[in-house]
Amino acid sequence: LKDDFKNMFDAALSDEGLYEALMLQLQNNDGGDDGSVSISSSSSSVVDEEEDEDERFRRTILRTLRRNGCALESNADRMTVRAKRRQIEEDCTAFCSTINEHDEFL
């Protein structure tokens, strides 16, 4: 079940369309109008914190998408990365399960 959930999230975070859209938005984001409303300077630190948090989230998602192969040019390479990540996760789960079964030696 754990591997199924992990594979589901990996598939969702391997969407080339999402990666391309985020990269396009990042490239087009030149500090211009991003749809946010300007507010008074007394709350500018709140706005800065929210912008920093949004930027951290965007960078984290982009890093995850790249780690899942979205930045690779070849579809075959992307599929290889996904298959290897899936196999690593399944091996980790099997290893942890084996360790947990033999806890009398700990």
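All figures in this text were calculated on a predicted structure; none of them were measured in a lab.

What about the nonpolar core?
And step 1. The biggest cluster of nonpolar side chains holds six residues, and these are Tyr19, Leu22, Ile61, Leu62, Leu65 and Cys70.
And step 2. For this core, the elements supplying multiple residues, two or more each, are helix H2 (16–28) and helix H3 (44–67).
And step 3. If you tally residues by element for this core, the top one is H3, at three residues.

Structural notes on the packing of helix H1 (residues 2–12) against helix H4 (residues 75–101)
And step 1. Two numbers describe how H1 lies on H4: the axes approach to 10 Å, and their chain directions differ by 155°. Considered as vectors, H1 and H4 are oriented roughly antiparallel to each other. Two packed elements cross with a definite hand, and for H1 against H4 that hand is right-handed. For the pair H1 and H4, contact is made by Lys2, Asp3, Lys6, Asn7 and Asp10 and by Arg85, Arg86, Glu89, Glu90 and Thr93, respectively.

Section: the environment of Arg67
And step 1. Take Arg67: it is sitting in helix H3.
And step 2. With 11 residues separating them along the chain, Arg67 and Arg78 place their C-alpha atoms 9.8 Å apart.
And step 3. When sequence neighbours within four positions are dropped, the list of residues in contact with Arg67 reads Val81 and Arg85.

Some thoughts on the confidence of the model for the protein
Atomic detail in the predicted coordinates should be set aside for any region of low pLDDT.
And step 1. On average, residues of the protein score 79 in pLDDT, and 81% of them reach the 70 mark or higher.
And step 2. Summarising per-element confidence for the protein, the mean pLDDT is lowest in H1 (79) and highest in H4 (88).
And step 3. Within the model, the stretch residues 31–42 combines pLDDT values under 50 with one contact to residues more than four positions away or in other chains.

Here is what the cut-offs are and how they apply
All chains use their own residue numbering, which begins from 1 and follows the written sequence. Residues qualify for local features only when their pLDDT is at least 70, as the model is predicted, and side-chain atom pairs are given and counted only at 80 or more; totals for whole chains, interfaces and linings, by contrast, use all residues. Values reported for side chains reflect all heavy atoms of the structure, with hydrogen atoms and water molecules removed beforehand. As used here, the term nonpolar core means buried Ala, Val, Leu, Ile, Met, Phe, Trp, Tyr and Cys residues forming a set that is joined through side-chain atoms within 4.5 Å. We call a residue buried when its accessible area falls under 20% of the maximum for its residue type, exposed when it is over 50%, and partly exposed in between, using a 1.4 Å probe and counting protein chains only. Secondary structure elements follow DSSP: runs of H or I of four or more residues count as helices, runs of E of two or more count as strands, with numbering from the N terminus. All axes here are fitted lines through C-alpha atoms, helices being fitted over the stretch that makes contact, and every angle between N-to-C directions spans 0 to 180 degrees. For classification purposes, angles smaller than 35 degrees are called roughly parallel, those larger than 145 roughly antiparallel, those between 65 and 115 roughly perpendicular, and all remaining angles oblique. Two helices crossing with the near one rotated counterclockwise from the far one by less than a right angle form a left-handed crossing, whereas a clockwise rotation gives a right-handed crossing. Whether two residues are in contact is decided by their heavy atoms: any pair within 4.5 Å suffices. As a per-residue measure, pLDDT reflects the predictor's confidence and takes values from 0 up to 100.

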